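Okay, here's what each chain looks like letter by letter:
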Amino acid sequence: MNEEAIFQRLLALVEQYHAGRKQGKFLDYLDPDELAAELDLDKDAAGDWQQLFQWLGKYLQHSVKTGHPGFLNRMWSGANLPSIAGEIITAVTNTSACTYEGAPVSTLMEHYMLQVMLDLAGFDEGEAQMTTGSSNGNMIAMLAARNQAIETCKEKGLFGNPPLIAFVSADAHYSLDKAANILGLGTDHLIKVPVDEHGRMRPEALEMLLQQHQQQGNRPFFVCATLGTTVRGAYDPLPPLVALREKYDFWLHGDGAWGGVALLDEELQRHFLPGIEQLDSFTWDFHKMVGTNLMCNLLLFNHHRGTLRCVCSAGEHSYLFREEDKNAELDTGTASLQCGRRVDSLKWFLDWKYFGREGLAQRVRHYLSLSEYAEQTVNSIPELDMTVPRESFNICFHFRTPEDISGNEFNLELRNRLFKQGISLVGIAYIDERLTLRLLFTHPDYTRKEVDHFFDTLVATGKELLDEHLQG
Ligand SMILES: Cc1ncc(COP(=O)(O)O)c(C=O)c1O
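What you see is a predicted model; the values in this text were computed from it and never measured.

**Quick notes on the overall build of the protein**
In terms of regular secondary structure, the protein is built from 15 helices and 12 strands. The C-alpha atoms of the protein give 24 Å as radius of gyration, which agrees with the globular expectation for 472 residues (23 Å, within 12%). Viewed in the frame of its principal axes, the protein has a C-alpha envelope of about 65 × 65 × 45 Å. Taking all 472 residues of the protein together, the buried fraction comes to 43%. Considering only contacts within the protein whose residues lie at least 6 apart along the sequence, 73% involve residues at least 24 apart.

Structure follows, in structure tokens:
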């Protein structure tokens, strides 16, 4: 096949997949052994485009259709079309976004978008970068805080210093535990602060822990406020945490991976993120609720110009970055932990320009109103129960079971049946050891009709499963 024919066939395949993404089942499920046999991974295909297309076809056939309304498992689904267009161009141009020299357009788009985000967050004189995701964003924020707390840390390491202590809420994302491991703190030095009945960090409990660690001669240096927790969607309260920072002098970071979208709408920002402009740093994923292709993350620093570059750079790199180059200041690679950097800015820029802030804000408001509707629906169905009341975008609920049937096992079985039958894939999590189904809305064209359909099929399957349990 010549290149023209390859592109024609490829684009036709892409178009066909995208057009059919909402049809049929969301997954043509096979067990791993069956799928491996189907894929024939050992097959030789040297120079054989027909075979490559067969694999592409099978990839699409057996992939989870994340754009299907039944796909509700994660904090993202499908992807915006402008962003998909950006990804295709990114793939075909295949450059590394680390220098202006090697990625001129991407570099300018990245700087442009980051400045827009700094302004949205109200971070004056700030700086920012795109990272590989909020896990990374959280870690870089902790890294900057660590190097600020122990000024010699970059060169000398942690040796000979009092233990550094970081604090997060008990419901924070596990990426903070990873960061504590990677950065040499040790996961025991990441303290989980108890949460209130809403799932929010309790500031008075944080203060007691700060005092306790100070008295023990430890150095509290970092507090991460989760702004939209992964399971419950709770927002830690910023104003009291800012007040504690004044007293105890720590770096205050905001993990808005999921709930940072509230920034898009002024009213939601006031409601969910009051005081955001006073954070030291903030991370947010555009690849979650906003629908930009994975990965699309931003990390913002407030009043710390030059910190990112200082914290993230090390070693001799003049083969890549040349200070004498008049555009060197624009190089994003020197402020990044990576060497090669994927171009994530093009898709982000296109989405932003196409939908605009207001278009995306509307989407977020729509998700919030669907969440309200879903909560009302759960409360109106006798078979279902909210595991905890809704805090923001997340609906945590379960199917009620009689006392002699384990609710956790039943709900897991129900969820797996819906999955294997290709009906829907909904998230699960534990809240106080109770398994909960976690419903999130990230499909822009989802309406109440789809919400009703989701609950109808879930309840019908749940009743069927319950009958089987009771009979047998
Ligand atoms: C609150 C929170 N923080 C961080 C992350 C990690 O984000 P990423 O997948 O972009 O690394 C998640 C992902 O679910 C999250 O919910």
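**Quick word on the site of the ligand**
Near the ligand lie 14 residues; those nearest to it are Gly-133, Ser-134, Ser-135, His-173 and Ala-257. A breakdown of the residues in the shell around the ligand according to their chemical character gives three nonpolar, nine polar and two charged.

**So, the domain arrangement of the protein**
As assigned here, the protein comprises domain 1 (95-343) and domain 2 (352-471). One C-alpha centre belongs to domain 1, the other to domain 2, and the line joining them spans 31 Å. Domain 1 puts 19 residues into the contact, and the matching count from domain 2 is 18 residues. Classifying every residue of the side of domain 1 that touches domain 2 by side-chain character gives 10 nonpolar, six polar and three charged.

**Notes on unusual backbone geometry**
A cis amide bond links Leu-294 to the next residue, Met-295, at an omega of -15°. We note that Glu-433 has phi near 65°; this positive angle belongs to a residue other than glycine. Looking at the secondary structure, you find Glu-433 in the loop between β11 (425-431) and β12 (434-439).

**A word on the sheet that holds strand β9 (residues 384-386)**
Reading across from one edge, β1-β11-β12-β10-β9 is the order of the five strands in this open sheet, with mixed pairing throughout. The open sheet has two edge strands with one neighbour each: β1 (71-72) and β9. Pairing geometry for β1 and β11, over two bridges, is parallel. Across the sheet, the residue bridging to Leu-72 is Val-426, located in β11. Strand contacts of helix α13 (residues 345-380): β9, β10 (395-399) and β12, with the helix running at about 20° to β10, the strand carrying the most contacts.

**Overview of the nonpolar core**
Soluble globular proteins: nonpolar side chains tend toward being buried together. Counting residues in hydrophobic clusters, the biggest one holds 112 residues, and the most contacted among them are Met-142, Ala-166, Phe-221, Phe-222, Val-223 and Leu-300. For this core, the element with the most residues is α13, which contributes 14 residues. Three or more residues apiece are contributed to this core by two domains, here domain 1 (95-343) and domain 2 (352-471). Beyond its immediate sequence surroundings of up to four residues, Met-142 is in contact with Ala-166, Ala-179, Leu-183 and Phe-222.

**Quick look at the sheet that holds strand β7 (residues 281-285)**
Taken together, the seven strands give an open sheet; going across it, the order is β2-β8-β7-β6-β5-β3-β4, and neighbouring strands pair in mixed fashion. Edge positions in the sheet fall to β2 (127-131) and β4 (190-193), since each has one partner strand and no second. The mean angle between the axes of side-by-side strands here comes to 20°, regardless of whether they run parallel or antiparallel. For strand β3 (residues 164-169) and strand β5 (residues 219-226), the ladder comprises five bridges, and the chain directions are parallel. Bridging from a neighbouring strand, Leu-164 pairs with Arg-219 of β5. Each of β5 and β6 (251-255) touches helix α10 (residues 238-248); the most contacted strand, β5, lies at about 170° to it.

**Some thoughts on the packing of helix α6 (residues 134-149) against helix α8 (residues 175-182)**
The description of two packed helices rests on the angle between their axes and on the distance between the axes. Viewed as axis vectors pointing N to C, α6 and α8 meet at an angle of 45°, and their least axial separation amounts to 9 Å. When the interaxial angle is binned, α6 and α8 end up oblique. For α6 against α8, the interelement crossing comes out right-handed. Every residue of α8 that contacts α6 at Ser-134, Ser-135, Asn-138, Met-139 and Met-142 is listed here: Ser-175, Leu-176, Lys-178, Ala-179 and Ile-182. For the contact of α6 with α8, a count of residues per class yields five nonpolar, four polar and one charged.

About the criteria used
Residues numbered from 1 in each chain as written. Predicted model: local features only at pLDDT ≥ 70, side-chain atom pairs only at ≥ 80, totals over all residues. Helix = DSSP H or I, 4+ residues; strand = E, 2+ residues; numbered from the N terminus. Rg over C-alpha atoms; globule rule 2.2 N^0.38 Å. Buried ≥ 20, exposed ≤ 12 C-beta atoms within 10 Å, placed from the backbone. Contact = placed C-beta atoms within 7 Å. Near = placed C-beta within 6 Å. Nonpolar A, V, L, I, M, F, W, Y, C, P; charged D, E, K, R; others polar. Domains from an automatic or database assignment. Pairing = 2+ DSSP bridges. Axes fitted to C-alpha atoms, helices over the stretch in contact; angles between N-to-C directions. Core = buried A, V, L, I, M, F, W, Y, C linked by C-beta atoms within 7 Å. Parallel < 35°, antiparallel > 145°, perpendicular 65-115°, else oblique. Left-handed = near helix turned anticlockwise from the far one by under 90°.

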